[in-house]
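Coordinate inspection notes
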4 protein chains.
Amino acid sequence: MATEQSSKAEERARLQRNRILDAAQQRFIENGFHAASMANIADTAGMSAGLIYRYFENKSAIILAIVQRQLELLRDDIKLHRKVDLAAELVSHYGHACTTKGSGMNSALLLEISAEATRDPQIAAALDEFDRTLRGALAEWLAGPRENDGHGLPPALAQSRALLLQVLVEGLKIRETREPELDRALLETGLREIVPLLMKP
Amino acid sequence: MATEQSSKAEERARLQRNRILDAAQQRFIENGFHAASMANIADTAGMSAGLIYRYFENKSAIILAIVQRQLELLRDDIKLHRKVDLAAELVSHYGHACTTKGSGMNSALLLEISAEATRDPQIAAALDEFDRTLRGALAEWLAGPRENDGHGLPPALAQSRALLLQVLVEGLKIRETREPELDRALLETGLREIVPLLMKP
Amino acid sequence: MATEQSSKAEERARLQRNRILDAAQQRFIENGFHAASMANIADTAGMSAGLIYRYFENKSAIILAIVQRQLELLRDDIKLHRKVDLAAELVSHYGHACTTKGSGMNSALLLEISAEATRDPQIAAALDEFDRTLRGALAEWLAGPRENDGHGLPPALAQSRALLLQVLVEGLKIRETREPELDRALLETGLREIVPLLMKP
Amino acid sequence: MATEQSSKAEERARLQRNRILDAAQQRFIENGFHAASMANIADTAGMSAGLIYRYFENKSAIILAIVQRQLELLRDDIKLHRKVDLAAELVSHYGHACTTKGSGMNSALLLEISAEATRDPQIAAALDEFDRTLRGALAEWLAGPRENDGHGLPPALAQSRALLLQVLVEGLKIRETREPELDRALLETGLREIVPLLMKP
DNA sequence: GATGAATGAGCATTCATTCAT
DNA sequence: AATGAATGAATGCTCATTCAT
């Protein structure tokens, strides 16, 4: 019973944390990390500003938590799309980043996070770890045997191709914030040419 | 004589504006748009905080002016590098972005600007115009006749390739802020493969 | 039975109040009245913050209760130490003020209380009443017949000597907070000279 | 001229600092260090809260400055009263501590400072240095040759007597906060007996 | 033109207190 | 009786902006 009670409390705490993170994310996307105020976030979350501090030590902790949550989303994304037509994926994802939840990171938020990482070492560390994981996974995928949905590239080549893919994906994220209405056909034409080349020896 | 006097005054004003912009840019790169204070900027510029307001209406105006100045620099850059080995250029520029002036925009500043464009329509417009110009120039270069240092691509193809190049360059800028010490050989291997492909029919 | 039940409840309430006061005193000594938070006190007392409000109307009431409890302790102390070598007592007590309970008030707490009395009339009143009692007891002791462990001073003289003793004791309390490692020999030399003089006609 | 200008500015800064310190001292005496808010102090000083931060880094710096100013006052006091009838001095000073300026430290403030020294090491250090200076000066006075207004005590004895005097003075300061209306005659009787004894071999 | 003192609104954060459970 | 989530007011502090000099 003690367990049940405590799990109820824990569940509530988990829900509150997420309520806060959702609100914060919304404000961060719309106003940026620094222009979004705690009062603002609390308002959006429908609670008092003071209450937020029961769940997060300070504003930085919220930012960090959002970064980590977003990175996990991205990481999950990678796992799911292993056997996929990557070019098509990239095109279809373009401009579809949900503001709040769902697969793929909001691109405005990625910009905000990247800019913040320039100054905040904790965020830089989180981002760095993510970068390594992502590139490692890409390289593994490219180097893996075809029977395993891999592409059978020699390891060294897989490394440089993984880097290129990463750069390409990030470049698309930036472009997404700047040209949400970009001509998809144009993009698809390009990606359908180039992506397959990156996966062949 | 009135003209001469006013042109002297104008020249002085121009110099002062640039002095402020240089200082602001330095602070923006190191601290970001919001953490850089006017007092800070004034200090770096070696003038009083109040004086800045004689040359710029407010902080936002400074940000916008910096964006515009940077975009002009970039635009000039494009014209100069037409006949160049692009892959080599990209590699050699990587991580060499000067903190203050020179060719190519400081990547931290680009992030800051891109993030800000998400919220400030004036900055978004400036950035958008620049994006179009850049992509247009790239497309023209790719579609241009070989005698003119062009690459002779069919116009439609040139469009999609220009987009890809733009995405690639922006992706590199982000990567630069995150991995300044990235293995150049790895990067060069990749770019030397892919960039030439983007320039051939 | 109703009486028994209610006395059980009263006993419990008394215990709870003391538990709270012990915790509060500890925090007050370490952090001062204002820096010690209710959450802090509740934590130290091993109970919830809300529960404290069942036993005390507010934080001020706790402070007042602590003052009163301390004064009662001191009052009891006086009765016990009538026949004593006062100089030796003062020296041996110096720096030995227990953090929590026991004879003599913690000197940091005395400071805190005295400072608070400057503003809070209730605390000032409690302290004043105590001061009068203490000085009265001292005067009585000094004026009392030697057969009763008194010192046989004429009443008027006893009054002024009692005042001096009180001043001396309070001065020692302040010094204790400032120089806990004070040279005891130095102190003893001084007190052994002066205290006996204060007890002789 | 530059010197004249800068000295004008410095003079103004000095005046502002004092204006702030006077206001702060008033609030600190009436409300205590922690209950006095910056807004409160600014109000009393007739300026905006923000302006205070041009002259003091933070609230602690104000407290420290007040402590140091008060200690200097006390120190000056000592120098002036070397040849004086100390008992009479102590009596006549009793209860005359001005709220704001003048000779002698406000006793409520001394309590506040002493209590704060318990927690703030910077204040403890300032107070400690003062204590040493004061006791040293007292000992020197007691040990000095009579021709120099000294009392010709042997050095070791002078030390313990100086300690006693210090304790006595501090005790009087506390008493002053608690019994501002204390019977002066009673006090004088006592001091006139005891103080001379402390100055004789 | 140039200064920097001054303001006032805004920010993150804390905490005594309340109240549904 | 007991909890601890929730509130709201207050606090120390920062900073873009103004303006008398």
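Conventions adopted
- Residues numbered from 1 in each chain as written.
- Chains lettered and ligands numbered in written order.
- Predicted model: local features only at pLDDT ≥ 70, side-chain atom pairs only at ≥ 80, totals over all residues.
- Heavy atoms only, no water.
- Near = heavy atom within 4 Å.
- Polar contact = N/O pair within 3.5 Å; in protein donor to acceptor, adjacent residues only side chain to side chain.
- Helix = DSSP H or I, 4+ residues; strand = E, 2+ residues; numbered from the N terminus.
- Nonpolar A, V, L, I, M, F, W, Y, C, P; charged D, E, K, R; others polar.
- Least-squares fit on C-alpha atoms with pLDDT ≥ 70 in both.
- Contact = heavy atoms within 4.5 Å.
- UniProt positions renumbered as here; feature names shortened; annotations may be inferred.
- Buried area = accessible area lost by both parts, 1.4 Å probe.
- Salt bridge = Lys/Arg side-chain N within 4 Å of Asp/Glu carboxyl O.

**Brief notes about the protein's contact with DNA strand F**
As a matter of local geometry, DNA strand F sits amid 30 residues, with R12(A), Q16(A), R54(A), M38(B) and R12(C) nearest to it. What you see for DNA strand F is that sugar and phosphate hold 70% of its atoms within 4 Å of the protein. At 3.1 Å from a phosphate oxygen of DNA strand F is found a main-chain nitrogen or oxygen belonging to S48(C). Only helix 1 (2-31) and helix 3 (49-55) of chain A, helix 3 (49-55) of chain B, helix 1 (2-35) and helix 3 (49-55) of chain C together with helix 3 (49-55) of chain D provide two or more residues apiece to the surface near DNA strand F. Along the lines of polarity and charge, the residues of the surface near DNA strand F split into twelve nonpolar, twelve polar and six charged.

**Section: the relation of the copies chain B and chain A**
The two copies are related by a screw operation: chain B maps onto chain A through 177 degrees of rotation and 0.0 Å of translation along the axis, at an RMSD of 0.6 Å. What the superposition gives is, in effect, a two-fold axis relating one chain to the other. Residue G171(B), judged by its C-alpha, is the member of chain B lying nearest the rotation axis, at 1.7 Å. Most of the interface of chain B is mirrored in chain A: 98% of its interface residues are interface residues there too.

**Here we look at the UniProt feature "domain: HTH tetR-type" (unreviewed entry) in chain A**
On the UniProt side, "domain: HTH tetR-type" (unreviewed entry) is annotated at positions that read residues 14-74 of chain A here. As annotated, residues 14-74 of chain A comprises 80% helix and 0% strand, and the C-alpha atoms at either end are separated by 21 Å.

**Details of the protein's contact with DNA strand E**
Surveying the vicinity of DNA strand E reveals 30 residues, the closest of which are Y53(A), R12(B), M38(C), R12(D) and R54(D). Sugar and phosphate atoms constitute 68% of the interface atoms of DNA strand E, taking the interface as everything within 4 Å of the protein. Here a phosphate oxygen of DNA strand E and a backbone polar atom of S48(B) are 3.1 Å apart. Among the secondary structure elements, those contributing two or more residues to the surface near DNA strand E are helix 3 of chain A, helix 1 (2-35) and helix 3 of chain B, helix 3 of chain C together with helix 1 (2-31) and helix 3 of chain D. In the surface near DNA strand E, the residues fall into twelve nonpolar, twelve polar and six charged.

**Some thoughts on the interface of chain B and chain A**
Between chain B and chain A, the residue contacts involve 43 residues of the former and 43 residues of the latter. In total, about 3,800 Å² of surface goes out of reach between chain B and chain A, with carbon and sulfur atoms giving 63% of it. Inspection of the region where chain B meets chain A yields 14 salt bridges. With a shortest N-O distance of 2.9 Å, D131(B) and R178(A) are connected by a salt bridge. Put simply, chain B and chain A have 18 residue pairs in polar contact (both at pLDDT 80 or more) between them. Contributions of two or more residues to the side of chain B that touches chain A are made by helix 1, helix 6 (107-117), helix 7 (121-143), helix 8 (155-178) and helix 9 (184-198) of chain B. Per element, the largest residue contribution to the side of chain B that touches chain A is 15 residues, and it comes from helix 8 of chain B. Of the residues belonging to the side of chain B that touches chain A, the class tally is 20 nonpolar, eleven polar and twelve charged.

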